[in-house]
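Descriptive analysis of the structure
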Amino acid sequence: MTKLFKYMLETKGTICIILLLLMIQAYCELTLPSYTSNIVDVGIAQGGIENATPDLLAEYAANGVDLHQLQMNYLLSTGGKMLGFAFLGMAATILISFLSARSGAFIGKKLRERVFERVITFSGKEMDQFSTASLITRCTNDIQQIQIVITIMLRMVLFAPIMGIGGIIKVAGTDTGLEWIIVIAVLSVLCLVGALMYVTLPKFKSMQTLVDRLNLVSREILTGLPVIRAFSREDFEEKRFARANEDLRRTQLFTTRVMSLMFPSMMFIMNGVTILILWFGSRGVDRGNLMVGDMMAFINYTMMIVMSFLMLTMISILLPRAGVAAARIDEVLTTAPSICDRDKPIDRAGSFTGELVFHDVSFRYPNAEADVLEHISFTAKPGETTAIIGSTGCGKSTLIHLIPRFYDVKDGAITLDGIDIRDLSQKKLRSLIGLVPQKGILFSGTIASNIKFADESISDEAMKKAARIAQAEDFIAEKKEGYESQIAQGGSNVSGGQKQRLSIARAIAKNPKIFLFDDSFSALDYKTDSQLRRALAAQMKHATVIIVAQRISTILHADKIIVLDDGKIAGTGTHEELLQNCETYREIASSQLSEAELNQKGGMA
């Protein structure tokens, strides 16, 4: 809960102004019942003369005083003051509502910015720790909960004590003998709210987890819709979504039903209190111990006190859910990225050549029981193509992800031109790398904006050259708007092959020192693959190229092929050398190449 107040205190200046306005509003509202009492008791009952007696009224009449005008003057004067306080209170209320809403929106905006900025710095370890669905929920639903509660708190939590204390002081100043009714009313409210909180608080705390679950299921279904349809699993997924949806619905419905009892119960208590005051107050009026106006004022003050306790208890019900949301946001904000720059990273003045060396590198995913990569050592030189091949799950993509430091090595080191990549800033390191991921990722915008994603200052000529090398020029030319054609979110309006070619063009346009292709040619036909590799070879004569591939045809002409088997290097060499010396490579080749092709290539050794 303290985290929620910590966020709220970020607008200390506004809170001070709101507090001042709340005191003005409270003063106005607490003053009005006194004027109402005066109008009834003095203005109406006593003809506008305080402490009036029949003798005094007769003397005024005998002296020619217009009693009717005197009464009207008092009523107009008192009514005018009431209007003035009412308008002042209204102005204060409007300003308070505006400032509290603005403060809540400001805090929500700042929290979204901080969460987003922190998530952007997360490595693969932190992204595995927080699921994508959970991060989306935290950045939207949780922050919205905080924003709403802070707005209500600034409007009610500060106001309720002022009104409650003020009402008690006003009641203490009246001699009605009905104070015991207020005690009964307050105790009734506290018992009611205590019972409701006892029942609903556990449900409120579990609600965020259920929202996370619903978002996770929704995201999985929407992302995997083609597979679901292909395997006719629509009914199963509908039931899975329905279960998650029903769990959330039941919880929300339960809390809503329980909370719906509060308002009728409160009205019952308040109406009961009014009846008690009228019943016992009328007896006082009948005995001459209490005036009608005082009784009316007492009713108003009692309602103010009861409503103050009601506002506080309502907030106390909302606070736990907001407190859970604040804790979840704070968990993200306080999670330090596991991959950080050194305090003083190396700032090399000269240009890099791009020579990458793996020095006995081992790596293990967080909480895994065994290493994914073990004792990996090799050198990737500028102007050469280094290919990595192996069975599924042998660690090929993991090895690629170590180079831009999506994860850090567990043992050993990776050096770039002799410098440990951990000694370089992440920005500097990644500025030297052009990565084409296994799954082509495009962003909503245009074809041009996606190819120029690395730097908007990339010239149109360089963009078109990159598209030409990536064999994307033909299908771009077929589009009506060419390079200004729109790309839908996730690239859903282009094919898998087109998506891969645009991803490759994006990396080429960056003109990096190191190219990393993570099985980036899998969606291309053999003809396009062959043309693309020839064009790339001419473009990347001076760059370091590392290719992860499943197809041997993609890496036949690589200068060096590294064969991975269960996270270890099973062989290193050219295609011909590995056919002669590496059993693992021969098995892969035999599964993809014909006997004639194997003999032909083997004869070239």
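Residues numbered from 1 in each chain as written. Predicted model: local features only at pLDDT ≥ 70, side-chain atom pairs only at ≥ 80, totals over all residues. Heavy atoms only, no water.

1. Focus on the confidence of the model for the protein chain
Put simply, the rule reads: pLDDT runs from 0 to 100 and stands for how confident the predictor is about each residue. Whether two residues are in contact is decided by their heavy atoms: any pair within 4.5 Å suffices.
Mean pLDDT over the protein chain: 84, with 95% of residues reaching 70 or higher. pLDDT under 50 marks residues 601-605. Its contacts with residues more than four places away, or in other chains, come to nine contacts.

2. Quick word on the packing of aromatic side chains
Definition in use: Planes of paired rings set the category: under 30 degrees apart is stacked, over 60 is edge-to-face and the rest tilted, where pairs are Phe, Tyr or Trp rings (Trp by its six-membered ring) whose centres lie within 6.5 Å. Secondary structure elements are defined from DSSP: runs of H or I of at least 4 residues count as helices, runs of E of at least 2 residues count as strands, and each element is numbered from the N terminus. Three labels apply to residues, based on accessible area from a 1.4 Å probe with only protein chains included: buried if under 20% of the type maximum, exposed if over 50%, partly exposed otherwise in between.
Evaluated as defined, the whole model comprises ten aromatic pairs. Aromatic pair Tyr27 and Phe85: ring centres 5.9 Å apart, planes at 65°, arrangement edge-to-face. Here Tyr27, found in helix H2 (residues 12-44), pairs with Phe85, found in helix H4 (residues 67-121); they are 58 residues apart in sequence, far enough to count as distant. Judged by relative accessible area, Phe85 falls into the buried class, the value being 18%. The interplanar angle of 80° and the centroid separation of 5.1 Å between the aromatic rings of Trp180 and Phe280 together place this pair among those described as edge-to-face. With a gap of 100 residues between them, Trp180 in helix H8 (residues 179-223) and Phe280 in helix H11 (residues 262-287) connect regions that are remote in the sequence.

3. Let's talk about the sheet that holds strand E5 (residues 419-420)
As a reminder of what qualifies: Strands pair, by our definition, only if DSSP identifies at least two bridges between them.
Ordered in space as E2-E1-E4-E5, the four strands form an open sheet in which the pairing is antiparallel. Taken across any chain shown, the strands that pair with only one partner, and hence form the sheet edges, are strand E2 (373-380) and E5. Summarising the sheet, strand E4 (residues 411-416) and E5 pair through two bridges and their orientation is antiparallel. Looking at E5, one finds that Leu416 is bridged to Ile419.

4. Some thoughts on the sheet that holds strand E3 (residues 385-390)
Put simply, the test is: Comment: axis = line fitted to C-alpha atoms, over the contacting stretch for helices; angle = value between 0 and 180 degrees taken between N-to-C directions.
Reading across the sheet, the six strands line up as E6-E9-E10-E3-E11-E12 and stay open at both edges, with mixed pairing between neighbours. Lying at the two open borders of the sheet, with one neighbouring strand each, are strand E6 (433-436) and strand E12 (568-573). Within this sheet the neighbouring strands show an average axis-to-axis angle of 15°, counted without direction. Against the sheet, helix H18 (residues 496-510) contacts E6 and strand E9 (514-518), and its axis sits at roughly 175° relative to E6. Set on the sheet, helix H22 (residues 583-592) makes contact with E3, strand E11 (560-565) and E12; between it and E11 the angle comes to about 95°.

5. Here's the deal with the pairing of E4
Of the strand pairs in this sheet, strand E1 (residues 356-363) and E4 are connected by five bridges, and their pairing is antiparallel. Residue pairing for E4: Ser362 is matched across the bridge by Asp411.

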